[in-house]
Amino acid sequence: MVQIEPFEVEQWMDKYEVTPGVLNIAETCAASISIDDLVGLCEDPNIPHPLDTSIKLTYGAIRGSQALRERLAGLYSARVPSPLPTENILITPGAIAANFLLFYTLIGPGDHVVCMHPTYQQLYDVPVSLGAEVSLWKLRKGKKYIPDLEDLKELVKKNTKMIIINNPNNPTGSTTPKSVLQGLVDFAQEKGIIILSDEVYRPLFHGISPADPDFPPSIVSFGYAKTISTGSMSKAYSLAGIRLGWIACRDSAIIEAVASARDYTTISVSQLDDRVASYALSGSVLHALLGRNIKLAKTNVAILEKFIDRWSDVCSWVKPTSGTTALVKFEKDGKPVDDVQFCIDVIEKTKVMFLPASKCFGAEFKGQVRIGFVCETTVLEEALKQLGLYVRSNLL
C-alpha cells in the first residue's frame, strides 16, 4: 500500500478555518471573488456572460476547451521568440491535480528528485510515496530565500530525473530571479533533467517590477523542452472555487504521456469551471483582475510591514516580493515561540488564524508562522489589530 504522510497544511486549514468568527490570515488565495464580481471587472459589457445556462452539460472538451487553452498558451507566448502551441496546454482540476499527474506519470522507484524547500508539501512527499528518493534544495533566510545553484549541484545524482521549484515561493514569498532560472535551465539541460516549476502564484509580483532585468519569466520561456509549468486559477486569479489548473510544456511527448494517465483520474474538467476560467482570462477581464490583486498585495504587504516594524522587538521576517504569503518569526524573551502552541493560543483568544511553520514545513522553522496577507484588507487590518493586543499581553 502506498504510504503518504499527513498533509499538514491542508489538515491545519481544514481544522481551524471553520472556527466561528475566524479572522483568516492563513489563506493563500488572493481575496476570492464571485461571478458577479468577475463580471463587474469586465471592461466590455457586450461580451457574453461567463455562464450560459442553455448549454448541455456533457463532458465537454476532454483536454480543455479551445478558447481556454488558447488564452493560456497566449500568456506563455508573450515576449518569447517561439509561441507555445495550444496543444501543449492540458487542463486539470486545479494545480494540485496537475502536479500529482506529472509525478504519477514521470516519477517512480529508482528515480531521484531534487525539490526546493520549504514549499508545498505535495511537491516532495508525493514523489517519495511513488518510490523516488528526494533531496531537499534548501532556501536560506540569509540569502532572502533565493535558491543557490551551487547547493543544487551538490544534490544532483546520476539518476536525478526531475528538479522541482515553486516560483513565486510558498511560504516565503520569495522570487527566484531570471538569472538563477537561466542558470538552472542551463544546468538541467546539460544533464537532460526535467524541471517542474509550480507557478500557481504567478504573475502576482508586487516587490519586483517587470522592467527589472531579473524579473522572472515562466520556466517554459527559456527554450528547453523539458521544462514544465503548472498553474491555477486559485491563487493569483482569486477563483479557487472553480477548481481549475493546467500543465504547460513544450515537450509534446510529456503532454501526451500525462494526458494518457489523466484518462484514469479526470476525463475532463467541469464545463462550468472551464467557461468561467476562459472568461477571466479574456482580454476584457484579465488586466482588471490582475490589477486588482496586485494592488491588493501591495497595499496589504505594506500594512503587514508596518505591524512587524511596530513589534520588531518580538517579530521579524524577510519581506516577500511576490505571491501571497510570508514567514514571520515570533520570539519571547529572546527565544523562538513554540509556533504550534502559539497558533492555537492566538486563534483561541483572538480568532486570528495562521499556520505553524515548524509543523507544516519542518522543524528548522520553529518559532515562525505563515501569514497569508492578500485577503480583504479589512480582514488583515482587524486580524493584526487583535494580534497586536495579544503580542502586548503575552510576548512582551
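I will try to describe carefully the structure that is included in this document.

About the cut-offs
Residues numbered from 1 in each chain as written. Predicted model: local features only at pLDDT ≥ 70, side-chain atom pairs only at ≥ 80, totals over all residues. Heavy atoms only, no water. Pairing = 2+ DSSP bridges. Helix = DSSP H or I, 4+ residues; strand = E, 2+ residues; numbered from the N terminus. Axes fitted to C-alpha atoms, helices over the stretch in contact; angles between N-to-C directions. Contact = heavy atoms within 4.5 Å. Patch = residues over 30% accessible without salt bridge, like charges linked within 9 Å, V, L, I, M, F, W, Y side chains within 5 Å. Areas by Shrake-Rupley, 256 points an atom, 1.4 Å probe, with all protein chains shown as cover. Salt bridge = Lys/Arg side-chain N within 4 Å of Asp/Glu carboxyl O. Buried < 20%, exposed > 50% of the residue type's maximum accessible area, 1.4 Å probe, protein only.

1. Things to note about the sheet that holds strand β8 (residues 245–249)
Each strand in a sheet pairs with another by means of backbone hydrogen bonds, the pair being arranged parallel or else antiparallel. With mixed pairing, 7 strands are arranged side by side in an open sheet as β2-β8-β7-β6-β5-β3-β4. The open sheet terminates on both sides in strands that have one partner only, identified here as β2 (89–92) and β4 (133–138). The sheet shows a mean angle of 20° between the axes of neighbouring strands, taken without regard to direction. Helix α3 (residues 66–77) rests against β2, β7 (227–232) and β8 of the sheet, and its axis sits at about 120° to β2. Those strands touched by helix α4 (residues 95–106) are β2, β5 (160–166), β6 (194–198), β7 and β8, and its axis lies near 150° from that of β7.

2. Observations regarding a nonpolar patch on the surface
A surface patch of nonpolar side chains, amounting to about 280 Å² of accessible area, comprises Leu51, Leu57 and Leu272. Note on placement: Leu57 falls in the loop between α2 (35–41) and α3. Take Leu57: its relative accessible area is 65%, and that puts it in the exposed class.

3. Re unusual backbone geometry
The phi angle of most residues is negative, glycine excepted, and most peptide bonds adopt the trans form. The omega angle of the peptide bond from His117 to Pro118 is 10°, so this bond is cis rather than trans. Position of Pro118 relative to the elements: it lies in the loop between β3 (112–117) and α5 (122–129). Of note, the amide linkage connecting Asn170 to Pro171 takes the cis form, showing an omega dihedral of 25°. As for its position among the elements, Pro171 is in the loop between β5 and α7 (178–191). Phi is positive for Lys144, which is not a glycine, with a value near 55°. The topology assignment puts Lys144 in the loop between β4 and α6 (149–155). According to the relative accessible area criterion, Lys144 is exposed, its value standing at 59%. Phi is positive for Ser238, close to 65°, though the residue is something other than glycine. Turning to its location among the elements, Ser238 is positioned in the loop between β7 and β8.

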